[in-house]
Amino acid sequence: MSPSSTQSTPARLTANASAKLPRLVLLILAVAYVLAGLYGRDPWKTDDVLSLATMLSALESQGADWLVPHLGDLKLTQDGPLSMWVGAILIHLFSPLLGEIGASRLINLLWFGITLSCVWYGTYLLGRRNEAQPLALPFGGEPTVKDYGRLIADVAALLFLATGGVLLRFHETSNVPANLAFQAIGFYALARMMDKPKMGMLMLALALSGAFLTRAWPGLVPLLLTLPIAFQKRSVLWPSRYYALVAIVLAALLIASWWIPTMRLHPAWMKEWLYWNQLSFGLPEYENAVRPLRDLPWFLWPTWPLALLALWQWRRWTTAPHIWIPLSFVLAALLMMLISPQSDEAEYVLFVCPLAVLAAFAIPTMRRGVINTLDWFALMSFSVAVACVWIGWFALHFGIPKQISLNIARQTTGYEPQIVWWAVSLAIVCTLSWGAMILWRVKANPNALWRGSLLAAGGLTITWIMLVLLWLPAVDYVRSYRPMSAEIRQTLEGLSETPGELACLREQGLALGPRASLYVFEHIELVYDTKCPFVLQQTTRKKLESGEAGFSDSAEVLWQGSRGADRFDRYRILRLSK
């Protein structure tokens with residue numbers, strides 16, 4: 001329904017409830033959120049190390065090879081080259097200071113900063129509009145337009161940080177955070193187009209072209225689906241529809257500047273890449289269609305219940321821009337899942353930004369008692385989470401509780417835990433910080449409506465930092481291919497007839513994750529020459545035990561190993577008989 005001057009807004013709050021959240025608090029929280037776990041570890045399988053390998057490959061490439069993602073000599077016919085370009089440039093500029101792996105992680109800071117800024121500023125623009133303003137109180141005392149817009153923007157940013165599903169993705173060097181950043185730019189573009197249509201047009205063109213060059217058609221289509229929904233006739237955006245069309249044209253020109261030379265210089269790659277895009281669309285099978293019903297409630301917690309509440313509370317104002325614009329992105333994401341054969345986190349992240357915005361507009365419509373209940377739920381949930389982190393740490397290092405210790409030992413076979421006292425000390429500081437937040441909520445009893453969102457975002461961030469401090473070495477052991485890559489290099493050095501060089505190596509059944517790890521950690525490139533007698537084979541423990549692994553009778557096993565505590569995959573270097 002369209003908003004009417006005779007309808008009263010469901011938002012009700014006083015100026016005290018819109019007290020300013022200190023900028024330093026939000027900045028510290030965001031920096032701690034993204035930096036924890038970003039450094040001090042190896043690239044993990046598969047997307048994390050694969051994206052880094054493409055960046056390093058681009059640095060060593062010349063000319064036309066920069067147009068397409070590739071891993072050494074292997075052209076990767078999926079996604080787009082934008083993340084590879086940006087990452088390679090950052091590595092070139094900052095690797096002397098941070099090393100190649102450290103410099104590559106700067107791209108995560110870039111995508112995270114863009115996403116959070118666009119969510120905040122886009123929500124701020126929507127929150128300042130007349131349709132979103134709270135009900136005027138009989139004797140005054142309601143917040144100013146600026147204060148109210150800032151409150152809603154702060155809550156949206158905090159709820160974005162509190163969404164658990166994107167936490168790991170923002171700490172991996174992959175295309176997913178890049179695509180999320182361009183979706184957020186698209187949201188900001190539509191919010192900006194209402195008051196500055198030319199700027200909104202340019203930002204929308206950037207979002208469309210960037211999404212395509214990041215994830216190809218699967219990245220662009222959600223934005224294209226959003227536009228006809230957002231610009232429907234009853235929307236405030238309808239008068240700006242021509243600017244949206246110009247933005248599409250500008251984006252098409254930017255995309256063509258990559259498409260045309262790539263089609264001319266890499267016709268075979270382009271053919272396979274178009275086929276990959278074609279396979280990315282289609283009707284899902286039943287199991288794939290119902291899987292999001294199981295995954296999304298956890299992935300999008302805690303924003304989706306609040307977003308549903310916002311849609312209900314603002315149901316008579318559905319076409320108001322502060323509801324309709326984020327709702328358009330949600331509807332487009334739902335449509336995208338209906339035409340994707342298999343939906344996973346790359347599709348799930350499309351919901352994160354718009355649901356955080358919708359959830360923010362639910363907060364000023366809620367009764368005080370309900371808000372207090374949510375505060376206590378956040379306090380209890382993350383207090384349990386902090387306790388679980390410590391219980392797991394005690395089980396890992398001291399064997400208490402015994403059953404939990406046995407479960408952890410089964411997942412970390414071969415790992416020898418060592419206590420790092422500076423990390424333990426910082427984890428204790430984090431625990432005390434969470435206790436201070438509890439005391440602040442109980443003793444100060446603040447009126448600001450951002451308090452619950454701050455508790456949720458702060459609780460998740462503190463829990464994450466503690467996991468990084470206490471558990472990162474064990475997780476790194478389980479997920480990193482560095483030790484295995486070093487063993488393979490040592491084996492190849494021993495097989496080489498030329499001192500200081502490596503023997504040739506081809507592969508059989510090797511996945512992209514270990515292949516990229518060999519390139520990143522030891523700069524081992526696989527060959528395709530059938531005359532090479534050495535083969536790196538990826539198989540499974542079960543196949544080895546049953547004798548079903550290939551080359552079992554016709555090859556000499558020179559080396560066998562696995563990644564950390566991997567209980568399934570096994571890798572062998574074989575010498576094939578001539």
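On a predicted model such as this, the values are computed, not experimentally measured, just so you know. (Residues numbered from 1 in each chain as written. Predicted model: local features only at pLDDT ≥ 70, side-chain atom pairs only at ≥ 80, totals over all residues. Heavy atoms only, no water.)

Visitor: Any chance you could explain the overall build of the chain here in plain terms?
Guide: Summing up its helical and strand segments, the chain has 22 helices and 6 strands in all. Its C-alpha atoms give the chain a radius of gyration of 26 Å, within 12% of the compact-globule value 25 Å for 578 residues. Each of the three principal axes of the chain carries a C-alpha extent, and together these read 90 × 60 × 50 Å. Scored against the burial criterion, the 578 residues of the chain give a buried share of 53%. (Helix = DSSP H or I, 4+ residues; strand = E, 2+ residues; numbered from the N terminus. Rg over C-alpha atoms; globule rule 2.2 N^0.38 Å. Buried < 20%, exposed > 50% of the residue type's maximum accessible area, 1.4 Å probe, protein only.)

Visitor: Is there a simple way to explain the environment of Met337 in this structure?
Guide: Considering the arrangement of structural elements, one finds Met337 in helix H13 (residues 321-338). Sequence-wise, Met337 and Leu283 are 54 residues apart; in three dimensions their C-alpha atoms are separated by 8.9 Å.

Visitor: What exactly am I supposed to notice about the sheet that holds strand E5 (residues 555-561) here?
Guide: Adjacent strands of a sheet pair through backbone hydrogen bonds, lying either parallel or antiparallel. If you walk across this open sheet you meet the 4 strands as E3-E4-E6-E5, and the pairing is mixed. Strands at the two margins of the open sheet, each flanked by one partner only, are strand E3 (506-508) and E5. Averaged over all pairs of adjacent strands, the angle between their axes in this sheet comes to 30 degrees, without regard to strand direction. In the sheet, E5 pairs with strand E6 (residues 569-576) via 6 bridges, with the strands oriented antiparallel. Across the sheet, the residue bridging to Val557 is Leu574, located in E6. Packed onto the sheet, helix H20 (residues 482-495) meets strand E4 (534-540), E5 and E6 and runs at close to 5 degrees relative to E6. (Pairing = 2+ DSSP bridges. Axes fitted to C-alpha atoms, helices over the stretch in contact; angles between N-to-C directions. Contact = heavy atoms within 4.5 Å.)

Visitor: I tried to follow a nonpolar patch on the surface on my own but got confused; where do I start?
Guide: A contiguous nonpolar patch, built from Trp217, Leu224, Tyr242, Leu245, Ile248 and Leu274 and spanning about 520 Å² of accessible area, is present on the exposed surface. Secondary structure elements with two or more residues in the nonpolar patch: helix H8 (217-230) and helix H9 (241-265). In terms of residue count, the dominant contributor to the nonpolar patch is H9 (3 residues). Structurally, Tyr242 can be placed in helix H9. Taking relative accessible area as the criterion, Tyr242 reaches 52% and is therefore assigned exposed. (Patch = residues over 30% accessible without salt bridge, like charges linked within 9 Å, V, L, I, M, F, W, Y side chains within 5 Å. Areas by Shrake-Rupley, 256 points an atom, 1.4 Å probe, with all protein chains shown as cover. Salt bridge = Lys/Arg side-chain N within 4 Å of Asp/Glu carboxyl O.)

Visitor: Whenever I open this one, the packing of aromatic side chains confuses me. Can you help?
Guide: For any two aromatic rings, the description comes down to two numbers: the centre-to-centre distance and the angle of the planes. On inspection of all chains with the given rule, the structure shows 27 aromatic pairs. With centroids separated by 5.2 Å and ring planes inclined at 85 degrees, the aromatic side chains of Phe212 and Trp217 adopt a geometry described as edge-to-face. Ring centres of Phe212 and Trp259 lie 6.1 Å apart, and the angle between their planes is 25 degrees; on these two criteria the pair is classed as stacked. With Phe212 in helix H7 (residues 197-215) and Trp259 in helix H9, this pair connects stretches of sequence that are 47 residues apart. We note that Phe212, like Trp259, is buried. Connected via pairs of aromatic rings, a cluster forms that spans Phe212, Trp217, Trp258, Trp259, Trp269 and Trp273. Between the NZ or CZ atom of Arg563 and the centre of the ring of Tyr481, over which it lies, the distance is 5.3 Å. (Phe/Tyr/Trp six-rings, centres within 6.5 Å; stacked < 30°, edge-to-face > 60°. Lys NZ or Arg CZ within 6 Å of the ring centre and 35° of its normal.)

Visitor: What is the right way to read the state of the cysteines from this model?
Guide: A disulfide bridge is the covalent bond that connects two cysteines by way of their sulfur atoms. For the structure on display, the rule yields 1 disulfide. The disulfide partner of Cys504 is Cys532, and the S-S distance across this bridge is 2.1 Å. With the S-S dihedral at roughly 105 degrees, the linkage between Cys504 and Cys532 falls on the right-handed side. Of this pair, Cys504 sits in the loop between H20 and E3 while Cys532 sits in the loop between helix H21 (512-522) and E4, and the two are 28 residues apart along the sequence. The exposure class of Cys504 is partly exposed, given its relative accessible area of 30%. For Cys532, a relative accessible area of 3% gives the class buried. A disulfide-free cysteine, Cys118 has its sulfur positioned 8.4 Å from the sulfur of Cys353, the nearest such atom. (Disulfide = S-S within 2.5 Å.)

Visitor: Explain the nonpolar core to me, please; I cannot follow it from the model alone.
Guide: For soluble globular proteins, the rule of thumb is that nonpolar side chains tend to be buried together. Grouped together as the largest cluster of nonpolar side chains are 186 residues, with contacts concentrated most on Phe112, Phe160, Leu190, Leu204, Trp258, Ile488 and Leu536. Beyond its immediate chain neighbours, meaning those up to four positions away, Leu536 contacts Ile488, Leu505, Arg506, Glu507, Gln508, Leu510, Leu518, Trp559, Tyr571, Arg572 and Ile573. (Core = buried A, V, L, I, M, F, W, Y, C linked by side-chain atoms within 4.5 Å.)

Visitor: Is there a simple way to think about H21 in this case?
Guide: Think of an α-helix as turning once every 3.6 residues; residues three or four places apart then point the same way. The element H21 is extensively covered by neighbouring structure, given that 10 of its 11 residues are classed as buried. Taken together, the buried positions of H21 are Gly513, Pro514, Arg515, Ala516, Ser517, Leu518, Tyr519, Val520, Phe521 and Glu522. Backbone geometry just after H21 places His523 at a positive phi near 55 degrees.

Visitor: How do you make sense of the side chain of Ser104 when you look at a structure like this?
Guide: Following the sequence through the fold, Ser104 ends up in helix H3 (residues 82-104). We classify Ser104 as buried; its relative accessible area is 0%. Apart from residues no more than four positions distant in its own chain, Ser104 is found in contact with Leu52, Met55, Ile91 and Thr173.

Visitor: How do you make sense of a negative patch on the surface when you look at a structure like this?
Guide: Together, Glu60, Asp73, Glu100 and Glu525 line one region of the surface with negative charge. Mapping Glu525 onto the fold places it in the loop between H21 and E4. Residue class for Glu525 comes out partly exposed when judged on its relative accessible area of 34%. (Lys, Arg positive; Asp, Glu negative; His and termini not counted. Charge placed at Lys NZ, Arg CZ, Asp CG, Glu CD.)

Visitor: What am I meant to see in the pattern of salt bridges here?
Guide: If charged atoms from side chains of opposite charge come close, those side chains can pair. Counting across every chain of the model gives 20 salt bridges. Residue Arg105 is joined to Asp48 by a salt bridge in which the shortest nitrogen-to-oxygen separation is 4.0 Å. Separated by 57 residues along the polypeptide, Arg105 in the loop between H3 and helix H4 (106-127) and Asp48 in helix H2 (residues 47-59) bring together distant segments of the chain. Residue class for Asp48 comes out buried when judged on its relative accessible area of 1%. Put simply, Arg489 and Glu493 hold a salt bridge, and the shortest N to O gap is 3.3 Å. A residue pair is termed a helical-turn pair when its members lie 3 or 4 positions apart in one helix, as Arg489 and Glu493 do in helix H20 at 4 residues. Relative accessible area serves as the criterion here: at 42%, Glu493 is assigned to the partly exposed category. In the salt-bridge network here, residues are joined through shared partners; they are Asp47, Arg169, Glu172 and Glu345.

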